[in-house]
Structures are given as C-alpha cells and as structure tokens.
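Examination of the molecular architecture
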Amino acid sequence: MKMWSGRFRQPLDLQFERWQRSFDFDRRLLSYELTASGVHAGALKNAGVLSADELIGILEGLQQIGEMAATSKDPVEDDEAEDVHHFVEKQLVARIGDVGYKLHSGRSRNEQIATDLRLYVRTAIDELRKELAEVCVVFTDRAEQAGSAAMPAYTHLQRAEPVLVAHWLLAYVEMFLRDADRLADCRKRLNVCPLGSGAVAGATLPLDRAFMADGLGFAGPTANSIDATSDRDFVLEFVNALSLLGLHLSRWAEEMIILSSQEFGFVQLPEAYSTGSSAMPQKKNPDLLELVRGKTGRVIGSATALIVALKGLPLAYNKDLQETQEPLFEATDTALGLLPLVAEWMKAVEFDHQRMNEAAQSGFMNAWAAATYLVNRGVPSRLAHEQIGKAVKLCLEKRCELHDLTLDELRSLNSAFNRDFHECLTPASVLAIHDVVGGTAPARVRQGIGAARKKIASLREEVHAHA
Ligand code: ARG
C-alpha cells in the first residue's frame, strides 16, 4: 500500500514512479530509520496512542527488519518501496499486521528524513575524525623519524629557506587537525533532533520531543518545525568541510608527485602503491597520489551540487531535498576511502634525505640569514638586504655560493663583515636562527611534535567518547 494514494484517481505513470523513487540510495539510511522509528514509537506510547503491547510488537518488528538487513549480504531490495520510510512501513505491516500502520501516527517523512540524515552525518563525522587522527599519527611519526634532516622550503616553487623535513610534514598535520576541528564544529550544530516537527507545523499529537531527542543522543529538539523539516545546512556544512579536507589531500598529493619526479628525486614512490606502464618498461607512476588528487574533484563536485540544489528553495520541505542525499553519500564514501590509503602511503614512502639535504645547501637559501648577520650588527634591514643581494650577484658571476666569498670581497660591500660571518651560513645555523614559536629551529620543531601529539591524543579521546 502506498503512503498517500487515497485522494488519487489515477495511478502513477510507471516511468515517473521508478524515476522519483529514492529507495535505491536511501536504503543505506535503514539502520537510522529503524532507530528513530523505535524512539518515535516510545513517544507514541507515552502519549497514549499505542498500548504497551502495541509498542512491544512494533519494537520487535523493527528489530526483525534490522536483523534481516544485517544478515543479508546484499542490500535490501523492494521494487515497490518509494523510499526507506515506505520500506519500513511495508516490512513492519508484513510482520505484525495493521498495527504496523500505527507507527506513522503524528509523524511525517519530512521530519524522518531530516532526522536520518543528521544521524548519518553524525556517524560519518565520528568515523572521519577517527581516520584523520590515524593520518595525523602517521605524519607525526614520520616527522619524528626524520630527525634533523633538512630540505629546501619553497615559495613560488623556488628555493626559499632550508627547513627540517619534520617541520614540513607537521604542516600537513596542522591542516588535518583543522579538518577534524571543522567536523567537530559541524557535529555540534547538527546534533539536534527534528522528530516531532511533523510535516512542517509540528506534530499533531502531544509527543515528548525532549524524550525523543534524548533517545537518539541529540543535545535537544530543534527549535522551529518549519526550519527543521527544510534545513540541510548541516549536509552542506559537512560536505564543505570535506571539500577542504579534499583540498588539503590534493595539495599533499600534488606536492608528493612533484617531489617524486626525477627532477627533484626527494621522494621514492612506494611500489605497493604505484603502477608501471604497459608501454614504457622503466616507468613507476604515482597512481595513488594522482587518484587522491583526482577524487577530490568528486567531493568538491558534490558540494557544488548541494549548494545549487538548495539555492532558492522556498520553505519548507520540497522534494528537491531528496537530491541532497546522493552527493552527501558520494562525498562521504570518497573521503572515507581516501584517508586510510593516505596513511598507508605515508608509512611506506621513502625520503632521499641525502638529496634533500644537498638541495638544502645550495641556491643561496642562507641569504636571509646572511642579511640577518648584518642586521644584528646594526645595519638597517633594507640596506643589508641590498648588500647581500649584491653578494649573491657576485656569486652568480663567479658561479659560487656565499660562503665561497672572501672577507675582502665581503668587506667591499660592508665593513661590518667579520670572520664569524661564515659560521652563520651553515645549514645548522640557518635553521637555528628561526627560533620562534612555529619556526623551524630544531628545538621548536621538537616542541611542535610534542604539541601535535597532544592534540592528536585529545582528538582520539573525543572520538572514543562518541563511539
Ligand atoms: N524520500 C524523501 C526525501 O528524501 C523523503 C521525504 C518525502 N516527503 C514528502 N513529502 N514526499 O526527501
């Protein structure tokens, strides 16, 4: 039996009927639909709409449906169910008879789908934050293992200043921790319960909304039934947070691809996550990285689809909202699929520390440190910059590095140069002068590793508390 056929004289056009169904994709919300239905049934009993026996019958029926779905290896099938809500009603009535139709008393699918989606996103956030914590652990472990190894840092993709490899890896940890934070923030806002909002104006029976919210682990009921049944902000917020995560992953992937090219040779691609060429026998290609970069497009595409679907919708529920489900699922699946592979790739990758270190020693990356030497001797910064720039020009003509210049050559630029100048040019002292919070001086990076570990530990605790 349809959920709405009474007022219709004609059956649905068959092609339209098939096309408008959402069961093929919203059946993945089944477990949330069953849980939320159980809580609604409890509220119906408290409101005197269901007898104690009827409640027990309905709860048992719901449980059986859950068990059937959990034990079948294929997704549940039903050619007639319009959506997951219709499916549950049909299944329930098949199991317990007409009393199953009582479950829908005082509720609407509009509040049901809004509730199911909140539960789905909440679970997805918890899983993603758990995966993000693991990714952060791997990056931090690799940072720790890199010890005192140095590499060039780039601006404009030109050599800029030497940094510790650890410092570079910790930059990614910061991005991923922000992603985890954004998801937590989204979780806070979505964690309210639409049940009892009805179709648009609120339930027509005296249902205890606080009881239902509590039963589903929500912080409380939503404040306005019109908003609650039409709001998909949380879906968009979530997928936007995933877009940023995807963006970070794509930047990471792109950087690793560049650094693994023969031109850089800093990164040796792990064979277990690379493929060869069917034509060119010598090739080892960074497939995992390229797919990470490519799949990010799906997530951003989903976010775009969502914002366009929601734009201009009048209040309250509109069937357009059904179109928010697939982009949500697509973005979630994509992000959840990426993170464990990123973690494994990072465990397996090898860095060519010798090559990175050599690169860190040339290309005048100590020029700012050289200018700082003059600044520390009272030379105004702009003039010091100019004079070291001239020293670099001289080196370029002589095809040498700053430390190859003689004291006489240096003194012709500024008499403040002294014998100790050459010491300030070594990679170790260049690293050491970046001695500020968040800088690459080794002691600061050690602190950075400690701080990252602390943040990861509390992220893990939070995830654990929600499990
Ligand atoms: N399948 C629908 C959706 O995802 C459920 C809500 C249907 N509500 C309605 N008034 N037709 O949006």
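Residues numbered from 1 in each chain as written. Predicted model: local features only at pLDDT ≥ 70, side-chain atom pairs only at ≥ 80, totals over all residues. Heavy atoms only, no water.

Here's the deal with the site of the ligand
What surrounds the ligand is the set S22, D26, D83, H85, R109, N110, I113, Y317, Q322 and Q325. Side-chain polar atom of D83 to a nitrogen atom of the ligand: 3.3 Å apart, as the coordinates give it. Between Y317 and the ligand, the recorded distance is 2.4 Å, taken from a side-chain N or O atom to an oxygen atom. A total of 350 Å² of accessible area belongs to the ligand in isolation, and the protein chains cover 87% of it. If you tally residues by element for the shell around the ligand, the top one is helix α6 (residues 109-146), at 3 residues. (Near = heavy atom within 4 Å. Polar contact = N/O pair within 3.5 Å; in protein donor to acceptor, adjacent residues only side chain to side chain. Areas by Shrake-Rupley, 256 points an atom, 1.4 Å probe, with all protein chains shown as cover. Helix = DSSP H or I, 4+ residues; strand = E, 2+ residues; numbered from the N terminus.)

Here's the deal with the pairing of strand β1 (residues 150-155)
Bridge analysis of β1 against strand β2 (residues 158-164) gives 6 bridges, and the strand direction is antiparallel. Within the sheet, the bridge partner assigned to P152 lies in β2 and is P162. The antiparallel hairpin formed by β1 and β2 contains 2 residues in its connecting segment, where H156 sits at a positive phi of about 60 degrees. (Pairing = 2+ DSSP bridges.)

Points about the nonpolar core
Judged by nonpolar contacts, the single largest core of 115 residues is most densely connected at F139, W168, F238, W252, W345 and M346. Top contributing element to this core by residue count: α6, with 17 residues. Once residues within four sequence positions are removed from consideration, W345 is found in contact with W252, M256, V267, L269, P270, Y273, L288 and L289. Grouped together as the second largest cluster of nonpolar side chains are 21 residues, F364, A370, V379 and C395 included. (Core = buried A, V, L, I, M, F, W, Y, C linked by side-chain atoms within 4.5 Å. Buried < 20%, exposed > 50% of the residue type's maximum accessible area, 1.4 Å probe, protein only. Contact = heavy atoms within 4.5 Å.)

Some thoughts on a nonpolar patch on the surface
Together, V200, I226 and L315 make up a nonpolar patch on the protein surface, roughly 270 Å² of accessible area in all. Counting through the fold element by element, V200 comes out in the loop between α7 (165-190) and α8 (209-215). Judged by its relative accessible area of 35%, V200 is partly exposed. (Patch = residues over 30% accessible without salt bridge, like charges linked within 9 Å, V, L, I, M, F, W, Y side chains within 5 Å. Salt bridge = Lys/Arg side-chain N within 4 Å of Asp/Glu carboxyl O.)

Quick look at the packing of aromatic side chains
Aromatic ring pairs: the centre-centre distance and the angle between the two ring planes describe each pair. Counting across every chain of the model gives 15 aromatic pairs. Their ring planes at 90 degrees and their centres at 5.3 Å tell us that W252 and W345 sit as a pair that is edge-to-face. In this pair, W252 is assigned in helix α10 (residues 233-260) and W345 in helix α12 (residues 325-348), connecting sequence segments 93 residues apart. Residue classification places W252 among the buried positions, given a relative accessible area of 0%. Among the residues examined, W345 registers a relative accessible area of 1% and is labelled buried. Here the aromatic cluster, defined as three or more aromatic residues joined through ring pairs, consists of F139, Y172, F176, W252 and W345. Above the ring of F8, the side-chain terminus of R7 is found at 5.6 Å from the ring centroid. (Phe/Tyr/Trp six-rings, centres within 6.5 Å; stacked < 30°, edge-to-face > 60°. Lys NZ or Arg CZ within 6 Å of the ring centre and 35° of its normal.)

Considerations on the environment of R9
Within the secondary structure, R9 is located in the segment before α1 (14-20). Take R9: its relative accessible area is 87%, and that puts it in the exposed class. Once the C-alpha coordinates of R9 and L269 are considered, the two residues, 260 residues apart in sequence, prove to be 66 Å apart.

Digging into unusual backbone geometry
A negative phi angle is the norm for most residues apart from glycine, just as the trans form is the norm for most peptide bonds. Residue A316 is bonded to the preceding L315 through a cis peptide linkage, with omega at 0 degrees. Residue placement: A316 occurs in the loop between α11 (287-310) and α12. Despite not being glycine, R399 shows a phi value in the positive range, around 55 degrees. If you trace the backbone, R399 turns up in the loop between α15 (381-398) and α16 (407-411). By relative accessible area, R399 is classed as exposed at 79%.

Examining the pattern of salt bridges
Side-chain pairs of opposite charge can arise whenever the charged atoms involved come near each other. With the rule as written, the count across this model stands at 26 salt bridges. Note that K90 and E80 form a salt bridge whose closest N and O atoms lie 3.6 Å from each other. Note that K90 is positioned in helix α5 (residues 84-96) and E80 in the loop between α4 (52-71) and α5, a separation of 10 residues in sequence. Accessibility expressed as a relative area gives 23% for K90, which makes it partly exposed. Residues K319 and E82 are paired through a salt bridge, measuring 3.9 Å at the closest nitrogen-oxygen approach. Of this pair, K319 sits in the loop between α11 and α12 while E82 sits in the loop between α4 and α5, placing them 237 residues apart in sequence. Look at K319 and you get partly exposed, because its relative accessible area is 37%. Owing to a relative accessible area of 5%, E82 belongs among the buried residues under this scheme. Connected via shared salt-bridge partners are E82, D83, R109 and K319.

Points about a negative patch on the surface
Together, D24, D79, D320, E323 and E326 make up a negatively charged patch on the protein surface. Its location among the elements puts D79 in the loop between α4 and α5. (Lys, Arg positive; Asp, Glu negative; His and termini not counted. Charge placed at Lys NZ, Arg CZ, Asp CG, Glu CD.)

Re the packing of helix α3 (residues 30-46) against α5
Interhelical geometry of α3 versus α5 gives an angle of 60 degrees and a closest axis separation of 10 Å. Classed by the angle they form, the pair α3 and α5 counts as oblique. In the crossing of α3 with α5, the sense of the turn from one axis to the other is right-handed. Between α3, through L30, E33 and L34, and α5, the contact on the second element is made entirely by V84, H85, F87 and V88. Taken together, the residues of the contact of α3 with α5 break down into 5 nonpolar, 1 polar and 1 charged. (Axes fitted to C-alpha atoms, helices over the stretch in contact; angles between N-to-C directions. Parallel < 35°, antiparallel > 145°, perpendicular 65-115°, else oblique. Left-handed = near helix turned anticlockwise from the far one by under 90°. Nonpolar A, V, L, I, M, F, W, Y, C, P; charged D, E, K, R; others polar.)

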